[in-house]
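In case you want the letters, here they are:
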Amino acid sequence: MKLSRTAGKGNGVIIITLEKFLLLSFICLLFSGLCINSAAHAVMPPAHYEKMVQKSAIKASAVVKDVIILSETKQHTRKKIVFTLEKPFEKNIPQEFTGTCYSVDHKWQKPGEGGTIYYYPVKGTKVLVTITNNHDRITSFTPLDSGLAGEIDVNGLANISFVMGHAQIRPEKKQNGKREQWFLFYLNGRASGYIHISRTDRLHNMIRQLKHELLVGELDKGRRLFRMDTQFRDNGFFTPEAITIEITEYFPEKTITHPPRKIGFLPVEQKDIGEGILAKGVSDVYDVPIPQKTATDFGLFTLIETFPYQKDFSVQINLIETLELYLKKNIQIRYRGRDPHKNGLHMFSETGSANATYWLDDRHKLIELQWNSDKRFVRGTKDEAMTILQ
């Protein structure tokens, strides 16, 4: 089924006068001080970064209003981020505030060793942000998905922990589906399977993972199960660094398990990458070049929940249809307001060489998704998903 979509010398004896001795002593002392200062900027334990967050005068959910480049070096890009306040978690936070951060935006930039955490703000994205003081350093920056947004709407930051500049719901609170999504799949109006999405964060190296399990089939007939594991970094678009795809086919008389396939991607600045299949064949492949600002079709189930409900919000991305590894470019996603035909749910449209419509509730939770005119996904429960083809 097609579901497309990195001292002076003399006669060999060193002669040192008192003046030279004092000068050398001063240089050694200065060098020692520089070494100590350098060590202070090395990678610190996670508790250090969380302490910086807790001491921050600004803690808030906000929308990224603008991203301004302050400087670019061989190591990194320094940026000033302008935020519009959504919900404050400290007193006296202005309606508009700013913070600074570093990013590595170019292939020629080589970040040095140290404790700097890099962030990738995208204009229009709704985030949970902490800043030392207004106009000062950003201490954490996390795009808001439905689980995190819902948690802070209800409980504020009581159940939130901050690890290496990233906010997450405490493990004991990640229950009742807060980090999972279940959708029932309908093809041309017929119940045809489900998709299960789970997200995990490997925070020690800032890698995020989205796991998608898609079951497609018919009542009393063969079924095909796709398992997709996508690794990405938080650059605002969930641009993949690697995708592993496993396929298992279930028939009444036998089960066929295909070898897993892993595809590694390399986001690059070049603009001459054409649309089409990125990696042909069945073997593993690495360093497949893709444009920056590239998302995957299944990743959008989660990414769409980070976009704000703003009248003029729109963003242009590139899109990989995961199962076929097909790249489509210049996709426009736009906020359309509330849809009176869907009980006032918030609607986003996806147009260009890929077409889709997304409906979300007031807590930024994706409720329904339409791909083209024949494929529909509706949020459900695990029990409903397990029995949809019975």
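Keep in mind that this is a model prediction, so the values were computed, not measured.

Rules behind the numbers
Residues numbered from 1 in each chain as written. Predicted model: local features only at pLDDT ≥ 70, side-chain atom pairs only at ≥ 80, totals over all residues. Heavy atoms only, no water. Helix = DSSP H or I, 4+ residues; strand = E, 2+ residues; numbered from the N terminus. Buried < 20%, exposed > 50% of the residue type's maximum accessible area, 1.4 Å probe, protein only. Areas by Shrake-Rupley, 256 points an atom, 1.4 Å probe, with all protein chains shown as cover. Phe/Tyr/Trp six-rings, centres within 6.5 Å; stacked < 30°, edge-to-face > 60°. Lys NZ or Arg CZ within 6 Å of the ring centre and 35° of its normal. Salt bridge = Lys/Arg side-chain N within 4 Å of Asp/Glu carboxyl O. pLDDT = per-residue confidence, 0-100. Contact = heavy atoms within 4.5 Å. Core = buried A, V, L, I, M, F, W, Y, C linked by side-chain atoms within 4.5 Å. Pairing = 2+ DSSP bridges. Axes fitted to C-alpha atoms, helices over the stretch in contact; angles between N-to-C directions. Polar contact = N/O pair within 3.5 Å; in protein donor to acceptor, adjacent residues only side chain to side chain.

K.L.:
Which parts of the structure should I look at to understand the overall build of the protein chain?
P.N.:
Secondary structure summary: the protein chain contains five helices and 25 strands in total. For the protein chain, with 390 residues in total, the buried portion stands at 46%. On the protein chain, roughly 20,000 Å² of surface is accessible, and the fraction owed to carbon and sulfur atoms is 53%.

K.L.:
What should I look at first to understand the packing of aromatic side chains in this one?
P.N.:
Centre distance and the angle of the planes are the two values used to describe a pair of aromatic rings. Counted under the stated rule, the structure contains 18 aromatic pairs. Centroid distance F307 to F348: 6.3 Å. Interplanar angle 55°. Geometry classified as tilted. Residue F307 is found in the loop between helix 4 (300–303) and strand 20 (314–321), and its partner F348 is found in strand 22 (residues 345–351); the two are separated by 41 residues along the sequence. Each of the two residues, F307 as well as F348, counts as buried. Among the aromatic residues, those joined into a ring-pair cluster are F183, F185, F298, F301, W371 and F377. Between the NZ or CZ atom of K342 and the centre of the ring of W359, over which it lies, the distance is 4.8 Å. The ring of Y186 carries the charged tip of R376 above its face, separated from the ring centre by 5.0 Å.

K.L.:
Looking at this model, I keep getting lost on the pattern of salt bridges. Mind explaining?
P.N.:
Should the charged atoms of two oppositely charged side chains come close, the side chains can pair. Per the stated rule, a full pass over the model turns up 14 salt bridges. A salt bridge links D145 to R199, with the nearest nitrogen and oxygen atoms 3.6 Å apart. Linking D145 in the loop between strand 7 (136–143) and helix 3 (146–155) with R199 in strand 11 (residues 190–202), this pair joins segments that are 54 residues apart in sequence. Each of the two residues, D145 as well as R199, counts as buried.

K.L.:
Help me understand the confidence of the model for the protein chain in this model?
P.N.:
Interpretation of this model should avoid reading the predicted coordinates in detail wherever pLDDT is low. Overall, the prediction assigns the protein chain a mean pLDDT of 83, with 84% of residues at 70 or greater. Considering each helix and strand of the protein chain separately, the mean pLDDT is smallest for strand 2 (residues 13–14), with a value of 36, and largest for strand 23 (residues 356–360), with 97. Across residues 6–42, confidence stays below pLDDT 50; counting only partners more than four residues off in sequence or on other chains, it has 19 contacts.

K.L.:
Can you walk me through the nonpolar core in this structure?
P.N.:
For soluble globular proteins, nonpolar side chains are generally found buried alongside one another. Judged by nonpolar contacts, the single largest core of 50 residues is most densely connected at F265, F301, F348 and Y358. Among residues more than four places away in sequence, those in contact with F265 are P240, E241, A242, I243, L278, D287, V288, I290, I320 and L325. Grouped together as the second largest cluster of nonpolar side chains are 19 residues, I58, L85, I93 and V129 included.

K.L.:
What should I look at first to understand the environment of T200 in this one?
P.N.:
Tracing the backbone through its elements, the reader meets T200 in strand 11. For the pair T200 and L210, spaced 10 residues apart in sequence, the C-alpha separation works out to 6.6 Å. Discounting chain neighbours no more than four positions away, the residues touching T200 are R208 and Q209.

K.L.:
Even after reading the chapter, I still don't get the sheet that holds strand 5 (residues 96–103), so can you show me in this structure?
P.N.:
Consider a sheet: its strands pair through backbone hydrogen bonds, and that pairing is either parallel or antiparallel. Taken in spatial order, the five strands of this closed barrel run 3-4-5-7-6, and their pairing is mixed. Shown here is a sheet whose adjacent strand axes are inclined to one another by a mean of 50°, direction ignored. In terms of strand pairing, strand 5 meets strand 7 through two bridges, oriented parallel. Looking across to strand 7, one finds that G99 is bridged to D136.

K.L.:
Would you take a moment to explain unusual backbone geometry for this structure?
P.N.:
In most cases, non-glycine residues show a negative phi, while peptide bonds are predominantly trans. Unusually for a residue other than glycine, K293 sits at a positive phi of about 60°. Locating K293 in the fold gives a position in the loop between strand 18 (285–291) and strand 19 (294–296). For K293, a relative accessible area of 45% puts it in the partly exposed group.

K.L.:
Can you help me understand the pairing of strand 7 in this one?
P.N.:
Regular strands show a simple pattern: their side chains alternate between the two faces of the sheet. The element strand 7 is extensively covered by neighbouring structure, given that six of its eight residues are classed as buried. Note that strand 6 (residues 126–131) and strand 7 share five bridges and pair antiparallel. Within strand 7, the residue paired with V127 across the bridge is P143. The hairpin formed by strand 6 and strand 7 contains four residues between the paired strands, and H135 there has a positive phi angle of roughly 75°.

K.L.:
How should the pairing of strand 24 (residues 366–371) be read in this particular structure?
P.N.:
With respect to burial, strand 24 is a largely interior element, five of its six residues being buried. Sheet analysis places strand 23 next to strand 24, joined by five bridges and oriented antiparallel. For W359, the partnering residue across the bridge sits in strand 24 and is E368. Here strand 23 hands over to strand 24 after five residues, with H364 in that stretch at a positive phi of 65°.

K.L.:
I would appreciate a short explanation of helix 3 in the present structure.
P.N.:
In an α-helix there are 3.6 residues to a turn, and that puts residues three or four apart on one side. Judged by how many residues are buried, helix 3 sits mostly within the fold: seven of 10 residues are covered. Listed as buried for helix 3 are S146, G147, L148, A149, G150, E151 and I152. If you follow the buried residues of helix 3, they end up packed against strand 3 (58–72), strand 4 (77–88), strand 6, strand 7, strand 8 (160–163) and strand 9 (166–169). Between the side-chain oxygen at the start of helix 3 and the backbone nitrogen of L148 there is a gap of 2.9 Å, and the oxygen is on D145. Of the residues trailing helix 3, G156 is marked for its positive phi of about 60°.

K.L.:
Can you help me understand the side chain of S56 in this one?
P.N.:
With respect to the secondary-structure elements, S56 resides in the loop between helix 2 (46–54) and strand 3. Note on S56: relative accessible area 3%, which makes it buried. Polar side-chain contacts of S56 include one of 2.9 Å to the backbone oxygen of M52. A polar contact of 2.8 Å, which involves the side chain of S56, links it to the side chain of T139.

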